[in-house]
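These are the residues of each chain, in order.
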Amino acid sequence: MITVMLKLFVLLLIFFPTFIIGLSAYNVKSLGAKSDGKTDATKAFVKAWNEACNSLGKSKILVPKGRYLIQNAIKFDGRKCRSTTIDIDIKGSIVAPSDYRALKDSAIWLSFESVNGVTITGGKFDGKGADLWNCKMSGKGGCPGGATILAFSNSNNIVIRGLTSLNSQLFHIAFIGCNNVKVQSVKVLAPNNSPNTDGIHVQSSNGVTILNSKISTGDDCVSVGSGTSALWIENVLCGPGHGISIGSLAKEMNEAGVQNVTVKNVTFVGTQNGVRIKSWGRPSNGFVKNVVFQQCNMINVQNPILIDQNYCPSKVGCPGKVSGVKISDIIYQDIHGSSATEIAVKFDCSSEHPCKNIILDNVKLTYKDQPSVSSCTYADGSTK
Ligand SMILES: *[C@@H]1O[C@H](CO)[C@@H](O)[C@H](O)[C@H]1NC(C)=O
Ligand SMILES: *[C@@H]1O[C@H](CO)[C@@H](O)[C@H](O)[C@H]1NC(C)=O
């Protein structure tokens, strides 16, 4: 009798491992998704999420090889989840509709809201942004704003690993109001003239780490918005793109500050900026403090080191005004390479709140194989 029960148990374990060890796995293909890249798979993905979210304990969503068209914007809501973690393993590609109008006014294509313990491994996300960029660049107007490919908001304990994000209509990946996020071995790829296609955007978030990633795009490789703290960026290749940017800040009068940011071992190739801090020339009670940029390699970068507190592109709401953002304790250490313009270091700070304690330690940048020059306005600090 015992051996019969044992055999039965072993059989159960072989055929229903998830049943025995309490891991529930949901395969989008079993839930009706077609991997032909032409049939809308939205329903199957929503179903997989609902099943995984309702499972007790750990759950898994599997996306096998193939192409899955997601014709609609999806909100993966975590507020009522019973699961402790959800692992989303993607072997295939997730493809946006080729007609950008299909996403209507959605600002985000795949939006995770109030989720906890979600890990996405692998996957190629194709935003099909080219037609919308062309619409925007034609200057005719009437184009929708476009959608970010993947965003997490008000979420905790998130891991994104080995994901590729292609040709987003707007930002590629965004974290807003998140805690404890790890982004590793991610690739972002879009042409250098694609508008507003920031690689990774971090805002109002604490404890975001971005490691070992490669970002080539038409806007900032990483953009850092207000309210960000404990951000760590290391081993990243950026270019083409607009560099790593804290800001634009001073969008609002009441704005949370940015603090404790480390950017380490980043190579910038042919980018518009290297490491930049940028604020509108407008009143604000925001600030930027405790930032370290270290071991960065600049290859033919237009503005390798830049603080710009007089940002006012459309000349609306700022002329005649001064930035209220207080910038202090910023370290530039071991920054080497070449500038594509004569001024490699530019600090254009606020006349009302001059930049404080800016430290340059072993910064060696050349322009046409000669030492480059720097320009400072209302900046206080030291060079080692
Ligand atoms: C920033 O770093 C300082 C010094 O390590 C620490 O005391 C402070 O709590 C940190 N603040 C945030 C919001 O992470
Ligand atoms: C610096 O980052 C590159 C990836 O961009 C990586 O290959 C290299 O090993 C890193 N160097 C160190 C010292 O960590």
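The shown structure was predicted, so the numbers you read here are calculated from the model rather than taken from an experiment.

Here helix 3 (residues 42-54) spans 18 Å end to end across 13 residues, near enough to the 18 Å set by a 1.5 Å rise per residue. Those residues of helix 3 lying buried are Thr42, Ala44, Phe45, Ala48, Trp49, Ala52 and Cys53.

Where strand 13 (residues 179-184) and strand 16 (residues 206-216) come together, five bridges link them in parallel fashion. For Asn179, the partnering residue across the bridge sits in strand 16 and is Asn206. Here strand 14 (residues 187-189) pairs with strand 16 via three bridges, running parallel. Considered in strand 16, the bridge of Lys187 is made with Lys214. As paired elements, strand 16 and strand 18 (residues 229-238) share eight bridges and run parallel to each other. Paired with Leu211 across the strands is Glu234, a residue of strand 18.

As a further point, take the site of ligand 1. Every residue close to ligand 1 is listed here: Asn206, Ser229, Gln259 and Asn260. The separation between an oxygen atom of ligand 1 and a polar side-chain atom of Asn260 is 2.3 Å. Alone, ligand 1 offers 370 Å² of accessible surface; in the complex the protein occludes 34% of this. In the shell around ligand 1, the residues fall into no nonpolar, four polar and no charged.

Time to look at the pairing of strand 1 (residues 23-27). Alternating positions in strand 1 separate cleanly, Ser24 and Tyr26 being buried on one face and Leu23, Ala25 and Asn27 remaining unburied on the opposite face. When strand 1 meets strand 3 (residues 57-63), the two strands line up parallel, connected through five bridges. Bridging from a neighbouring strand, Asn27 pairs with Leu62 of strand 3.

With that out of the way, let us pick up the sheet that holds strand 25 (residues 343-348). Pairing is parallel across the open sheet formed by eleven strands, whose spatial order is 5-7-9-12-15-17-19-21-23-25-28. Of all strands in the sheet, those with a lone pairing partner are strand 5 (74-77) and strand 28 (373-377), marking the two edges. Each neighbouring strand pair of the sheet contributes to a mean axis angle of 15 degrees, computed without reference to strand direction. Across six bridges, the pairing between strand 21 (residues 273-280) and strand 23 (residues 303-311) is parallel. By the bridge assignment, Arg276 is partnered in strand 23 with Leu306. In the packing of helix 3 onto the sheet, contacts are made with strand 5 and strand 7 (108-113), and the angle to strand 5 comes to roughly 5 degrees.

Take the environment of Val202 next. By the secondary structure assignment, Val202 is in strand 15 (residues 200-203). By relative accessible area, which is 0% here, Val202 ends up buried. Note: C-alpha distance between Val202 and Ser226 (24 residues apart in sequence) is 8.7 Å. Dropping the residues within four chain positions of it, Val202 is found in contact with Phe175, Val208, Ile210, Ser223, Val224, Gly225, Thr228 and Leu231.

Turning our eyes to something else, we now look at the UniProt feature "active site" (unreviewed entry) in the protein. UniProt's feature table lists "active site" (unreviewed entry) at His242, given in the numbering used throughout. Here His242 shows up in the loop between strand 18 and strand 19 (244-249). Setting aside residues no more than four positions away along its own chain, His242 makes contact with Gly218, Asp219, Asp220, Cys221, Gln272, Asn273 and Arg276. Separated by 3.2 Å, the side chain of His242 and the backbone oxygen of Gly218 make a polar contact.

Before going further, it helps to examine the packing of aromatic side chains. This model, assessed by the stated rule, comprises nine aromatic pairs. Ring centres 5.8 Å apart and planes at 15 degrees place the aromatic pair Phe152 and Phe175 in the stacked group. One end of the pair, Phe152, is in strand 9 (residues 148-153); the other, Phe175, is in strand 12 (residues 173-176), with 23 residues separating them in the sequence. Judged by centre distance (5.7 Å) and plane angle (40 degrees), the rings of Tyr332 and Phe347 are tilted. Of this pair, Tyr332 sits in strand 24 (residues 326-339) while Phe347 sits in strand 25, placing them 15 residues apart in sequence.

Definitions and limits used
- Counting starts from 1 at the beginning of each chain's written sequence and moves along it residue by residue.
- Here chains are named by letter from A upward and ligands by number from 1 upward, in the order in which they appear as written.
- Given that this is a predicted model, residues contribute local features only at a pLDDT of at least 70 and side-chain atom pairs are listed and counted only at 80 or more, while totals for whole chains, interfaces and linings are drawn from all residues.
- Side-chain calculation: all heavy atoms of the structure are included, whereas hydrogens and water are not.
- Elements are defined by DSSP. Helices are runs of H or I of four residues or more, strands are runs of E of two residues or more, and each kind is numbered from the N terminus.
- Under the convention used throughout, the expected extent of a helix is 1.5 Å for every residue step, that is, one less than its residue count.
- With a 1.4 Å probe rolled over the protein chains alone, any residue whose accessible area is under 20% of its type maximum counts as buried; one over 50% counts as exposed, and the rest are partly exposed.
- The rule for pairing is simple: two strands pair if DSSP sees at least two bridges between them.
- Each residue is tested against the molecule or strand, and it is near if at least one of its non-hydrogen atoms lies within 4 Å.
- Any pair of nitrogen or oxygen atoms within 3.5 Å is treated as a polar contact; in protein, a donor-acceptor pairing is required on top of that, and neighbouring residues in sequence qualify only through side-chain atoms on both sides.
- All accessible-area figures derive from a Shrake-Rupley calculation using a 1.4 Å probe, and residue coverage is judged against the displayed protein chains alone.
- In this count, Pro and Cys sit with the nonpolar residues alongside Ala, Val, Leu, Ile, Met, Phe, Trp and Tyr, while Asp, Glu, Lys and Arg are called charged and the others, Gly among them, polar.
- Working convention: axes come from line fits to C-alpha atoms, limited for helices to the stretch in contact. Angles between N-to-C directions cover 0 to 180 degrees.
- The contact criterion used throughout is that any non-hydrogen atoms of two residues lie within 4.5 Å.
- UniProt positions are given in the numbering used here, feature names are shortened, and annotations may be inferred rather than shown by experiment.
- In this analysis, rings of Phe, Tyr and Trp, with Trp reduced to its six-membered ring, are considered paired at centre separations within 6.5 Å, and the interplanar angle assigns stacked below 30 degrees, edge-to-face beyond 60, and tilted for intermediate values.

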